[in-house]
Amino acid sequence: MAGQNRRQRRSMFAAVCQRFDEAARFARPYPPGLLDQIKACNAVLHVQFPIRLDDGSVRVIEGYRAQHSHHRLPCKGGIRYAPNVTQDEVMGLAALMTYKCAIVDVPFGGAKGGICIDSRKEPPEIVERATRRYTAELAARNFIGPGIDVPAPDYGSGEREMAWIADTYRALNPTQLDAYACVTGKPLSLHGIEGRREATGLGVYYGLAEALDDPEEMRRLGLAPGLAGKRVVVQGFGNVGYHAAKYLAEGGAVVVSVSTIEGALYDPDGLDIEAVRRHIEASGTIRDFPAPHFLPNPAEALELDCDILVPAALENQITAENAPRIRARIVAEAANDPTTPEGEAILLQRGIFVIPDVYLNAGGVTVSYFEWLKNLSHVSFDRMSRRYQENANAKVIEAIEALTESRLSEDQRARLTRGPDEIDFVQAALADTMVHAYRAIHTTWRTRQLPSLRVAAYLIAIEKVANDYLTLGIFP
Ligand code: GLU
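What you see is a predicted model, and the numbers here were worked out from it, not measured in a lab.

## What about empty space enclosed by the protein?
Evaluated as defined, the whole model comprises one cavity of 30 Å³ or more. Of the volumes computed, that of the largest cavity is approximately 40 Å³. As for the largest cavity, its lining consists of Ala15, Val16, Arg19, Leu96, Asp337, Asp357, Arg454 and Tyr458. Counting residues per element, the lining of the largest cavity draws most heavily on helix α1 (residues 12–24), which supplies three residues.

Now the structure itself:
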């Protein structure tokens, strides 16, 4: 996969800065130095610590945490687990988090962490030791805490790792009332929130559905409005790729290809996403799934004939090299930084519509924000309102029944009176967030005649962060 050579690639932080600069050209004049301060990465921690292996030997583990912006606290962003994570990579991803949070009005600064370990191949005990010690390193340097910096899952990490972080932080801060708000993406049993696991993929679905709903934009692309029948290629089948594929298929799209690092499945009639998931779960591999075609080089899937390409794996996948061969009309960036600036220039010149990462994958951090709020308020969103809502619904139904002199069946009544559960609040708020942010970006793009949706998204972020600096009085 192209992304495997990440160490040799251009600087990711520089690429994000390049995009910032491109958008900043369209920003109104700000006090000198303000844009430089917004762009700069505020703090980076680099740690190296020992863990003891089962054979008695010691291994030194390297880790990072980049806090890109302190203009709002806490800082927020995932921790990437991969043997070749670099400081530059986490700085770039942290910057992306700052802009992402601003775009979806999540009141946080951006951060990102990395631990140089292969969490899928290493035994769980080793990953646990590295995670707990990394957390202790962060805590010792005041780099973690509900009001300081709140990590979350990213590539190679999930609920398991977040549980270890929460437990370690709590052990170090036993009397801190809000300790569980030190990390998000936790298991439900450990103060997590319903809907966080699928949030990024579901957010991709909401964002894409909103974009496809625009008849004028679709006409320009030569596509019919709506998701129904659109042929979609999803690259990556991790938490983001799987959920994006699942919701897109449920929404009526035909997912013709999904892939892992081992290869891509291709079925022009559409794949059964749940069957693929079950196959991978049972056999540990995507190979041998009964699909008409298997492409051993997953990068080839990017070039398949389709309407929508959803890169949902790693960065640096669509480049100047393969962009001329992309056949999709829409590239929907579910991963962080999947398209290089040079690759994007070619896509745009070819009239391909690019929905940028900095907006489209913001569903994860949006629901993380809800989880953090839940942890701080020590109550789940449904608890205070469900029964009240059920009673209110029942009264409306009774009034209508009295007026119409008819009665609903018990089944109909139960469906209409049901009060909202936590998942209902989370998904409705996520949908609302994604739809509103899309409309803001799209309007800015069109009314200010900007070169791309990405420039519009960055410009919105720049203006919001600049406004915070000026109104919060944190710029000298
Ligand atoms: N790692 C995810 C991202 O890149 C989620 C971050 C979070 O929830 O804080 O957006």
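Now that the structure is up, let's keep going.
## Side note on the site of the ligand
Residues in contact with the ligand amount to 14 residues; listed here are only the nearest, Lys76, Lys100, Pro153, Asp154 and Ser368. Lysine 112 has a polar side-chain atom sitting 2.9 Å from an oxygen atom of the ligand. For the ligand, the accessible surface in isolation is 290 Å², of which the surrounding protein chains cover 95%. Within the residue set of the shell around the ligand, elements represented by two or more residues are β3 (75–81), α3 (87–103), β5 (149–153) and α12 (363–377). Tallied by class, the residues present in the shell around the ligand amount to four nonpolar, five polar and five charged.

## Looking at the packing of aromatic side chains
How two aromatic rings sit relative to each other is given by the distance of their centres and the angle of their planes. This structure, assessed with the given rule, holds twelve aromatic pairs. A centroid spacing of 5.6 Å and a plane angle of 55° characterise the contact between tyrosine 205 and tyrosine 206, whose relative ring orientation is tilted. An aromatic cluster of three or more residues is present, and its members are Phe108, Tyr369, Phe370 and Trp372. The ring of tyrosine 247 is capped by lysine 246, whose NZ or CZ atom sits 5.4 Å from the centre of that ring.

## Details of the sheet that holds β3
The strand order across the open sheet built from five strands is β1-β2-β4-β3-β5, with neighbouring strands paired in mixed fashion. Because the sheet does not close on itself, it has two edges, and the strands there are β1 (43–52) and β5. Each strand of the sheet is rotated relative to its neighbour by a mean of 25°, with strand direction disregarded. Here strand β2 (residues 58–67) pairs with strand β4 (residues 109–115) via five bridges, running antiparallel. Looking at the pairing, alanine 66 lines up with lysine 112 of β4. The strands that α3 touches are β1, β2, β3 and β4; relative to β4, the one it contacts most, it runs at about 150°.

## Description of the packing of helix α6 (residues 199–212) against helix α8 (residues 239–250)
Their axes nearest at 7 Å, the elements α6 and α8 cross at an angle of 45°. Of the possible angle classes, the one that applies to α6 and α8 is oblique. Remark: the crossing between α6 and α8 carries right-handed chirality. Counting all contacts with α6, which are made through Thr200, Gly201, Leu202, Val204, Tyr205 and Leu208, the residues of α8 involved are Val240, His243, Ala244, Tyr247 and Leu248. Tallied by class, the residues present in the contact of α6 with α8 amount to eight nonpolar, three polar and no charged.

## Considering the confidence of the model for the protein
In this model, the protein carries a mean pLDDT of 96, and residues with pLDDT of at least 70 account for 98%. For the stretch residues 1–7, pLDDT sits under 50, and the model shows 22 contacts to residues farther than four places along the chain or on other chains.

## Some words on the side chain of asparagine 361
Position of asparagine 361 among the secondary structure elements: in the loop between α11 (357–360) and α12. At 2.8 Å, the side chain of asparagine 361 and the side chain of lysine 100 are in polar contact. Not counting the four nearest positions on each side in its chain, asparagine 361 is found in contact with Lys100, Thr200, Glu333, Ala334, Ala335 and Asn336.

## Considerations on the packing of helix α13 (residues 386–404) against helix α14 (residues 410–417)
It is at 8 Å that the axes of α13 and α14 come closest, and there the two elements cross at 135°. Our classification of the angle between α13 and α14 gives oblique. Here Glu390, Asn393, Ala394, Ile397, Glu398 and Glu401 of α13 lie close against α14, whose contacting residues are Arg413, Leu416 and Thr417.

Procedures and definitions
- Residues numbered from 1 in each chain as written.
- Predicted model: local features only at pLDDT ≥ 70, side-chain atom pairs only at ≥ 80, totals over all residues.
- Heavy atoms only, no water.
- 1 Å grid on protein atoms, 1.4 Å probe; cavity = no way out; pocket = protein on both sides within 12 Å on 5 of 7 lines; lining within 4 Å.
- Points joined across faces, edges and corners; volume = space filled by probe spheres on them.
- Helix = DSSP H or I, 4+ residues; strand = E, 2+ residues; numbered from the N terminus.
- Near = heavy atom within 4 Å.
- Polar contact = N/O pair within 3.5 Å; in protein donor to acceptor, adjacent residues only side chain to side chain.
- Areas by Shrake-Rupley, 256 points an atom, 1.4 Å probe, with all protein chains shown as cover.
- Nonpolar A, V, L, I, M, F, W, Y, C, P; charged D, E, K, R; others polar.
- Phe/Tyr/Trp six-rings, centres within 6.5 Å; stacked < 30°, edge-to-face > 60°.
- Lys NZ or Arg CZ within 6 Å of the ring centre and 35° of its normal.
- Pairing = 2+ DSSP bridges.
- Axes fitted to C-alpha atoms, helices over the stretch in contact; angles between N-to-C directions.
- Contact = heavy atoms within 4.5 Å.
- Parallel < 35°, antiparallel > 145°, perpendicular 65-115°, else oblique.
- Left-handed = near helix turned anticlockwise from the far one by under 90°.
- pLDDT = per-residue confidence, 0-100.

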